[in-house]
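# Descriptive analysis of the structure
Residue strings, one per chain:
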2 protein chains.
Amino acid sequence: MTSNDTTAARAADDLTAGGWALPAGAVGTHRFTPKFEAVIAGLQARLTALGGTEGPVWHPPVLSRSLIDRAEYAESFPHLLGSVNAMEEDADGVVLAPAACYPVYTGLADGTVEEQAHFDVAGYCYRHEATSELGRFRSFRMREFVTVGADEPVTAWRDGWIERAGKLFAELGVAVDIVSATDPFFGPGGRFMRASQLEQDLKFEFVAKVSPEDPGTAIASANCHKDHLGARFAVRLPGGDTAHSACAAFGLERIALALINAHGDDLNDWPALAAALPTPGSPA
Amino acid sequence: MTSNDTTAARAADDLTAGGWALPAGAVGTHRFTPKFEAVIAGLQARLTALGGTEGPVWHPPVLSRSLIDRAEYAESFPHLLGSVNAMEEDADGVVLAPAACYPVYTGLADGTVEEQAHFDVAGYCYRHEATSELGRFRSFRMREFVTVGADEPVTAWRDGWIERAGKLFAELGVAVDIVSATDPFFGPGGRFMRASQLEQDLKFEFVAKVSPEDPGTAIASANCHKDHLGARFAVRLPGGDTAHSACAAFGLERIALALINAHGDDLNDWPALAAALPTPGSPA
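Here is a short report on the structure shown in this document. Being a predicted model, the structure only gives us computed values, none of them experimental. (Residues numbered from 1 in each chain as written. Chains lettered and ligands numbered in written order. Predicted model: local features only at pLDDT ≥ 70, side-chain atom pairs only at ≥ 80, totals over all residues. Heavy atoms only, no water.)

## Thoughts on the relation of the copies chain B and chain A
Once chain B is rotated about the relating axis by 180° and shifted along it by 0.0 Å, it coincides with chain A to within an RMSD of 0.0 Å. Each copy turns onto its partner about a two-fold axis. Looking at the interface residues of chain B, 100% of them are also at the interface in chain A, so both copies use one shared face. (Least-squares fit on C-alpha atoms with pLDDT ≥ 70 in both. Contact = heavy atoms within 4.5 Å.)

Structure (structure tokens):
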């Protein structure tokens, strides 16, 4: 084991000792206890209130290969994509969803967005991460708010979520750094190079400690995609321009880990606003 | 399209018209709305009460290949298994979980069960089904109660679940046939042939209509595994005998479909005990 692996194993053991999780046997996966799931359920309810929605639409953990190809995901993140193989393949195979939002774009593809559209979605995601420190989940749940429309209102919506998410983490007692980030999202040959992305402040990440030794992990992000996905899925604005999109994405297990790291294993010790999160016996 | 495909498409369209689901783009998958998820959350809470637990441990949608190999799953159901491939494989790859319970056995493997052990688990499952009629999900959630111990108390536990599940479906106004079933579970070369399984009443299925044209779909089952999994995972009883196991498994989406088929699209029309299920705004 490398030193990183040792740290990862100790952090996972701590999670088990605290009654939050059990080993699941595969790299980057955990089994989560009702105690952990109550926190997740509370987070979901808080995000529903924050988004002013009825709750998320749940997307399946698998997507059609043609959808993810159209999004050009594999061109940007070939190493992270999990493809599903079965003995008898369909003409269009499936892949594991790398993010919760993709089916939103299928629903809009080759059409016109008459007015700014809003979506609230959730789902299990899979990313074939190379390292296994705690929080580097291969399998995890993402809650994602998405908007599609014209450039300026889309950017304003993204900015609103940066503010709301910042307030949420402050209320929950989770210290975050809000950092401008780059994203290979636009592909190695994309029009947006690293410096340009930073200059344009396209992506912001909320970075928090998910374990004592953690130098910082992105637990949420708010991200303008420009017209990247609009172009891939041929989504137009009424005037004929390509639609822009943005998302506010919340890594549910990572946020739970950041809460546990901040407040400890005993829910009675959590500060009031964070302790109000778990809803004991809540279905997850 | 075949006649079956046409029926499947119409049934899926009805589900969309009723506000329960949206197309997801891949065979046997759906996107589920908050209205549908409220029913799922209510079912989960009712099953938690029925099982007298704190709620399920959530298992990840992927399992290590070595776990599923030890269970000899692929020998019985080679066509249903989804294997995950990534650009850079680990020594031990992953597969999509075909049932929620498998990590339970990893936790017990090569050990002794001192007294009858009980588990309450849930998770997303994947089965690469060849047909696509409504309810023939490739991706779905399973809630599973599992016991491991000696033959007789394990069988008695299974019989208790047949009774409890029967009462639950009666309360929910879902007409079910309880039928003795066979299962290729024990493998093509298994010790339990079809006639023997039926004679021994190892598996019972709760069969209900999940759509108007449905001749009947298994929405739950209660299943004695004899010592099949105990032997695979070397789980022993204190005297040295191989442990027996049984499960009571609930297909959450299928049960929701059976409720919708029985009571319609308007929750106000549902009979009281079924209408008490959905918890509006409940996080799912």
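## Some thoughts on the packing of aromatic side chains
Using the criterion set out here, one finds 24 aromatic pairs over all chains in the structure. Pairing Phe145(A) with Phe250(A) gives two aromatic rings, centres 6.2 Å apart and planes at 85°, and the pair type is edge-to-face. Of the two residues, Phe145(A) is situated in strand β8 (residues 139–149) and Phe250(A) in strand β12 (residues 244–251); the sequence distance between them amounts to 105 residues. Given a relative accessible area of 1%, Phe250(A) falls into the buried group. On the basis of an interplanar angle of 80° and a centroid distance of 6.2 Å, the ring pair of Tyr73(B) and Tyr102(B) is categorised as edge-to-face. Here Tyr102(B) lies in helix α5 (residues 102–108) and Tyr73(B) lies in helix α4 (residues 73–76), a separation of 29 residues in the sequence. Members of the aromatic cluster, joined through ring pairs, are Phe145(A), Trp157(A), Trp161(A), Phe169(A), Phe206(A) and Phe250(A). (Phe/Tyr/Trp six-rings, centres within 6.5 Å; stacked < 30°, edge-to-face > 60°. Helix = DSSP H or I, 4+ residues; strand = E, 2+ residues; numbered from the N terminus. Buried < 20%, exposed > 50% of the residue type's maximum accessible area, 1.4 Å probe, protein only.)

## Structural notes on the pattern of salt bridges
When charged atoms on two side chains of opposite charge get close, those side chains can pair. All names here are of chain A. Within the structure shown, the criterion is met by 24 salt bridges over all chains. We note a salt bridge from Glu-37 to Arg-141, for which the minimum N-O separation is 2.8 Å. Of this pair, Glu-37 sits in helix α2 (residues 34–51) while Arg-141 sits in strand β8; the two residues are 104 residues apart in sequence, bridging distant segments of the chain. For the pair Glu-37 and Arg-141, a shared accessibility class is recorded, and that class is buried. Residue Glu-163 pairs with Lys-167 through a salt bridge whose shortest N-O separation is 3.8 Å. Here Lys-167 and Glu-163 lie together in helix α6 (residues 151–171), a separation of 4 residues that amounts to about one turn. Grouping residues by exposure puts Glu-163 and Lys-167 together as exposed. Linked through salt bridges whose partners overlap, the residues forming this network are Glu-37, Arg-141 and Glu-253. (Salt bridge = Lys/Arg side-chain N within 4 Å of Asp/Glu carboxyl O.)

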